[in-house]
Amino acid sequence: MPFKETEVEINGVAKIFGTITIPSSPIENEKFPAVLFISGSGPLDRNGNGPKGKYQFNLYKELADFISGLGFVTFRYDKRGTGSSKEALLTSGLWDFVGDAECSYTYLQQHPNVDSERIIVLGHSEGTIIGTALSERQKLGGLMLLAGGVANLDEYLKHQRKLAYQELKSSKGVKGILMRMLVNEEKEEKKVEKLMQKMGKSNRDVYKAMFLFKQPAKWLREHYSYDPRKALRQVTCPVLAIHGDKDPLVENAHLNELSSLVQGSSEFHIIKDMEHGMRTQKEEKSILKVKKMNKTIQKRPLSPEGLNAISHWLISNYK
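Residues numbered from 1 in each chain as written. Predicted model: local features only at pLDDT ≥ 70, side-chain atom pairs only at ≥ 80, totals over all residues. Heavy atoms only, no water.

Chemist: Hey, could you run me through the pairing of strand E4 (residues 73–77) in this one?
Modeler: Along a regular strand, successive side chains alternate from one face of the sheet to the other. Of all five residues that make up E4, five are buried, and the element is covered over most of its length. Burial along E4 is two-sided: Val 73, Phe 75 and Tyr 77 facing one way and Thr 74 and Arg 76 facing the other are all buried. Looking at chain direction, strand E3 (residues 32–38) and E4 are connected through three bridges and run parallel. If you follow Leu 36 over to E4, its bridge partner there is Phe 75. For the handedness criterion, the β-α-β arrangement of E3, helix H1 (residues 59–68) and E4 is classed as right-handed. (Buried < 20%, exposed > 50% of the residue type's maximum accessible area, 1.4 Å probe, protein only. Helix = DSSP H or I, 4+ residues; strand = E, 2+ residues; numbered from the N terminus. Pairing = 2+ DSSP bridges. Right-handed = clockwise from strand over helix to strand, strands pointing away.)

Chemist: Mind showing me how you'd approach the packing of aromatic side chains here?
Modeler: By the definition in use, this model includes five aromatic pairs. Taken together, a centroid distance of 5.3 Å and an interplanar angle of 50° make the contact between Phe 75 and Tyr 107 tilted. Pair noted here: Phe 75 is in strand E4 and Tyr 107 is in helix H2 (residues 94–109), with a separation of 32 residues, a long-range link. Taken together, a centroid distance of 5.5 Å and an interplanar angle of 85° make the contact between Trp 95 and Tyr 226 edge-to-face. Of this pair, Trp 95 sits in helix H2 while Tyr 226 is found in the loop between helix H7 (217–224) and helix H8 (228–232), placing the two residues 131 residues apart along the sequence. Following the ring pairs from residue to residue traces out a cluster consisting of Phe 75, Tyr 77 and Tyr 107. (Phe/Tyr/Trp six-rings, centres within 6.5 Å; stacked < 30°, edge-to-face > 60°.)

Chemist: Any chance you could explain the sheet that holds strand E5 (residues 114–124) here in plain terms?
Modeler: Strands pair in a sheet through their backbones, by hydrogen bonds, and they do so in one of two ways: parallel or antiparallel. Within the open sheet, the eight strands sit side by side as E1-E2-E4-E3-E5-E6-E9-E10. Their pairing is mixed. This sheet does not close on itself; its edge strands, each paired only once, are strand E1 (3–11) and strand E10 (266–271). The mean angle between the axes of side-by-side strands here comes to 20°, regardless of whether they run parallel or antiparallel. Across the sheet, H1 is in contact with E1, strand E2 (15–23), E3, E4, E5 and strand E6 (142–146); its angle to E4 comes to roughly 170°. (Axes fitted to C-alpha atoms, helices over the stretch in contact; angles between N-to-C directions. Contact = heavy atoms within 4.5 Å.)

Below you can see the structure in the form of structure tokens.
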């Protein structure tokens, strides 16, 4: 289905800059179900790209085009500190991002081409936590959790560190011998815990670790104290969760809890040969090679199996 893109500015606590896509229709002000995109962590703009052309994933742009082609309005916006946004990213916290998502949700509710009862929130990575938190403030028409869901940030970071320790220790040759001698998981975790305790006691938005490395203290404090499972227990709308089996940033086992948490219908899929950005990956899963592999993976197509799971769920529930 053809669609039209339009640039949007929303006046909220922070000004929001985004892109809305509306399916073409011969009927004036025809109402469609809508999908609100909430991006993952880090400086990702409305299209899913990093600053200064470093990482050009275009994940949200490609997903929005795909979903709009199914007959849905989509809205994606620049995260704070990215794209056209003038807000600071480093000093922003979880609840700042939830507020921006809620402002965008309200915008869609009031749009003449949107069926306000059928607004689906699509969160990717950190966006799954933000979208879950939004469900406590708004009655969602649906919730899509891509490359995340159920767990909080603390659990995901612990999972990532555990994989890194294992990978380092399983290195071959001299490197492996050295890593098994030098890497002490218990000591490293105590260092992380000590740093988090310092940031937890601080009231600063930004904390300088070792007086040099800036850490988003407000963001971490708010994430660590938030429990997505508590929010999910109140969710009554349909929920879809999708992970890739080559994604080292999430723990797939967490999704086994989904059906026992939400009150409405739910389903989850572990997609074969799909990585964190929903693209095809045949190479082995590796937490230590993520950045290196991104250079080639960003040029690959989105996983057909992942797209099929999304389209089937959307059409079954909303068309």
